[in-house]
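# Geometric and topological summary
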Amino acid sequence: MTELEPRPISRTADPVLGTMVPAMVTPMHDDGSVDLDAAQSLATHLVDRGADGLVVTGTTGETSTLTDEENLEMFRAVVEAVGSRAAVIAGTGTNDTAHARHLSIQAQKLGVDGLLLVTPYYNKPSQAGIAAHFRAIADSVDLPIMLYDIPGRSSVPIAARTIVDLAEHQNIVALKDAKGDLQSTTTVLAKTDLDVYSGDDGATLPLMALGAVGVVSVSAHIAPALYRTLVDAVRAGDLETARAAHLALDPVQRAVMGHLQGAVAAKAVLAAQGLIPTAAVRLPLVTAEADELDDIRADLAEAGITF
């Protein structure tokens, strides 16, 4: 009987799309219009505190209720603010292939460093349709692409075999994994050289232990330096420091992800801290009620964060 031998890992030492990547909210004025100045200020704040990549107008950025022009204005503003210091990843995925392709091409013209493409939602395409969707967009641009696998929102997972096939495309270099399926993640890590990112804040340490390169995080708005510590510790093989950071982040993650939709909670805290002018969101999202904000405050107080 032949014994198994470990497969050499050939992933890049410094992923092109960063390792600690907040999924940025889109700041808004009280009337719901996009606040580009606040977006630039927030992007600078996050990069100053350890972010080496930013997802702009992903799900947390309320992309589905932004116009195309607002999405593009956000890409332009964040590239201008921090494009020389961090990877700017444009959330251009939709459930309409032609629309996502158009947004992706326009985003490339604005100088973004990569694209985040979510699984087409609502349509419930087959795996063949999912693969064709991603390939059509990847064929249309010359940018690194991060696939976003989140069946809790899209209703359809990207099967591991589909991800493995898509990894053969030269522009598809990364996966944001929010599927909650460790076997699928393991298969992708074993069979591809994709840079895998945890798409679930609380799973950052476990997924990085498997071989993920970092995290795309909502909670990193509130504790960017601690996420930087966690990611760097895992990448340095310092499990003790990584575990301590992971446990210290527990109340932050409960605060941001355990009570309300992530964008609503993150904006509520950022506004209370004075880091964005308002907590405004667009319908069908609504701002936090007083009792909901009290629950968030109670969790953050455990982490020593008060406002």
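Values in this document were obtained by computation on a predicted structure and should not be read as measured data.

Sites flagged by UniProt as "site: Part of a proton relay during catalysis" (unreviewed entry) map to Thr59 and Tyr122. Lining the largest pocket, from the residues named above, are Thr59. Mapped onto the secondary structure, Thr59 falls in the loop between β2 (53–56) and α2 (68–82). In this view, Thr59 contacts Tyr148, Arg153 and Gln261; residues no more than four positions away in its chain are not counted. Residue placement: Tyr122 occurs in the loop between β4 (114–118) and α4 (127–138). When neighbours within four sequence positions are excluded, Tyr122 is seen to be in contact with Asn95 and Ser154.

On to the sheet that holds strand β3 (residues 87–91). Strand order in the open sheet formed by eight strands is β1-β8-β7-β6-β5-β4-β3-β2, and the pairing between neighbours is parallel. With partners counted over all chains shown, the strands left at the sheet margins are β1 (20–22) and β2, one partner each. Taking the axes of each pair of neighbouring strands and ignoring which way they run, one obtains an average angle of 25° across the sheet. Of the pairings in the sheet, the one linking β3 to β4 comprises three bridges and is parallel in character. Paired with Ala90 across the bridge in β4 is Leu115.

Time to look at unusual backbone geometry. Cis geometry is found at the peptide bond from Leu283 to Pro284, where omega equals 20°. Its place among the elements puts Pro284 in the loop between α12 (262–272) and α13 (290–302). Phi angles above zero are rare outside glycine, and Thr57 is one such case at about 50°. Locating Thr57 in the fold gives a position in the loop between β2 and α2. Classification of Thr57 as buried rests on a relative accessible area of 0%. Even without being glycine, Lys124 reaches a positive phi, approximately 55°.

About the thresholds
Residues numbered from 1 in each chain as written. Predicted model: local features only at pLDDT ≥ 70, side-chain atom pairs only at ≥ 80, totals over all residues. Heavy atoms only, no water. UniProt positions renumbered as here; feature names shortened; annotations may be inferred. 1 Å grid on protein atoms, 1.4 Å probe; cavity = no way out; pocket = protein on both sides within 12 Å on 5 of 7 lines; lining within 4 Å. Helix = DSSP H or I, 4+ residues; strand = E, 2+ residues; numbered from the N terminus. Contact = heavy atoms within 4.5 Å. Pairing = 2+ DSSP bridges. Axes fitted to C-alpha atoms, helices over the stretch in contact; angles between N-to-C directions. Buried < 20%, exposed > 50% of the residue type's maximum accessible area, 1.4 Å probe, protein only.

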